[in-house]
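# Descriptive analysis of the structure
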Amino acid sequence: MRRLTTLLVAFTIAMAGLFATTAAPASADYPDPPGGTLRNVYSDLSFCHWYGNYGIQNDMWSSYLCQYRAYGNPPSVYYFFWTFD
């Protein structure tokens, strides 16, 4: 059962990588959280929270932040995934 769970988690993370976007340029409208480490940028908020909780449960980080940012016209929504130790 553990092998299946590990495989499922690895597959989910790999698939999310297909949908992850590159980081947008920094802006004064969206200040970086102090002490945070930017891990990735996602277009799906539910995956951002799922992965954040997964990392906490597996002692990868102590807390996380999915920071909403919108760019362009019409705006494209991105969730910057920050972790904190």
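Presented here is an overview of the structure given in this document. Counting restarts for each chain, with residues numbered from 1 along the sequence as it is written. Where local features are concerned, this predicted model is filtered to residues with pLDDT of at least 70; where side-chain atom pairs are given and counted, the filter is 80 or more; whole-chain, interface and lining totals use all residues. Computation of side-chain values covers all heavy atoms of the structure but excludes hydrogens and water.

Secondary structure elements follow DSSP: runs of H or I of four or more residues count as helices, runs of E of two or more count as strands, with numbering from the N terminus. Each helix and strand counted, the chain has two helices and three strands in total. Starting at the N terminus and walking to the C terminus, you meet the elements of the chain as α-β-α-β-β. Contacts: residue pairs with any heavy atoms within 4.5 Å of one another. Of the contacts made within the chain by residues no fewer than 6 positions apart, 50% connect residues no fewer than 24 positions apart. Surface exposure of the chain reaches about 5,800 Å², of which carbon and sulfur atoms provide 59%. Areas reported as accessible are Shrake-Rupley estimates using a 1.4 Å probe. Residue values count occlusion only from the protein chains shown.

Within this scheme, the nonpolar core is defined by two criteria: the residues are buried Ala, Val, Leu, Ile, Met, Phe, Trp, Tyr or Cys, and they are joined through side-chain atoms within 4.5 Å. Each residue is placed in one exposure class: buried if its accessible area under a 1.4 Å probe, protein chains only, is under 20% of its type's maximum, exposed if it is over 50%, and partly exposed if it falls in between. By size, the foremost hydrophobic cluster in this structure holds nine residues: Tyr42, Phe47, Cys48, Tyr51, Trp61, Tyr64, Cys66, Tyr79 and Phe81. Those elements giving two or more residues to this core turn out to be helix H2 (45–57), strand E2 (63–71) and strand E3 (76–84). At three residues, H2 tops the list of elements feeding residues into this core. Contacts of Tyr79, omitting those with residues within four sequence positions, involve Asn40, Val41, Tyr42, Ser43, Asp44, Leu45, Cys48, Gln67 and Tyr68. By size, the runner-up hydrophobic cluster in this structure holds eight residues, among which are Tyr30, Val41, Ala70 and Phe84.

A separate point is the packing of aromatic side chains. Note on aromatic pairs: the rings of Phe, Tyr and Trp (six-membered ring only in Trp) are paired at centre separations within 6.5 Å, and the planes decide the class, stacked below 30 degrees, edge-to-face beyond 60, tilted for the rest. What the rule picks out here adds up to 13 aromatic pairs. Considering the side-chain rings of Tyr51 and Trp61, the 5.5 Å spacing of their centres and the 70° angle between planes classify their relative orientation as edge-to-face. With Tyr51 in helix H2 and Trp61 in the loop between H2 and E2, this pair connects stretches of sequence that are 10 residues apart. Both residues of the pair, Tyr51 and Trp61, belong to the buried class. The interplanar angle of 40° and the centroid separation of 5.9 Å between the aromatic rings of Tyr64 and Phe81 together place this pair among those described as tilted.

As for its placement among the helices and strands, Asn53 is situated in helix H2. Between the C-alpha atom of Asn53 and that of Ser63, which follows or precedes it by 10 residues, the distance is 8.3 Å. N or O atoms within 3.5 Å of each other form a polar contact, as long as, within protein, one can give a hydrogen and the other can take it, and as long as residues adjacent in sequence are counted only when both atoms are side-chain atoms. A polar contact is formed between the side chain of Asn53 and the side chain of Tyr64, at a distance of 3.5 Å.

One open sheet holds the three strands; their spatial order is E1-E3-E2, and the pairing between them is antiparallel. Because the sheet does not close on itself, it has two edges, and the strands there are strand E1 (37–42) and E2. Strand-to-strand, the axes of this sheet are offset by a mean angle of 25°, without reference to chain direction. By the convention used here, strands pair only if DSSP detects at least 2 bridges between them. Note: E1 against E3, five bridges, orientation antiparallel. Bridge assignment links Asn40 to a residue of E3, and that residue is Phe81. Note on geometry: axes are lines fitted to C-alpha atoms, helical ones only across the stretch in contact, with angles between N-to-C directions running from 0 to 180 degrees.

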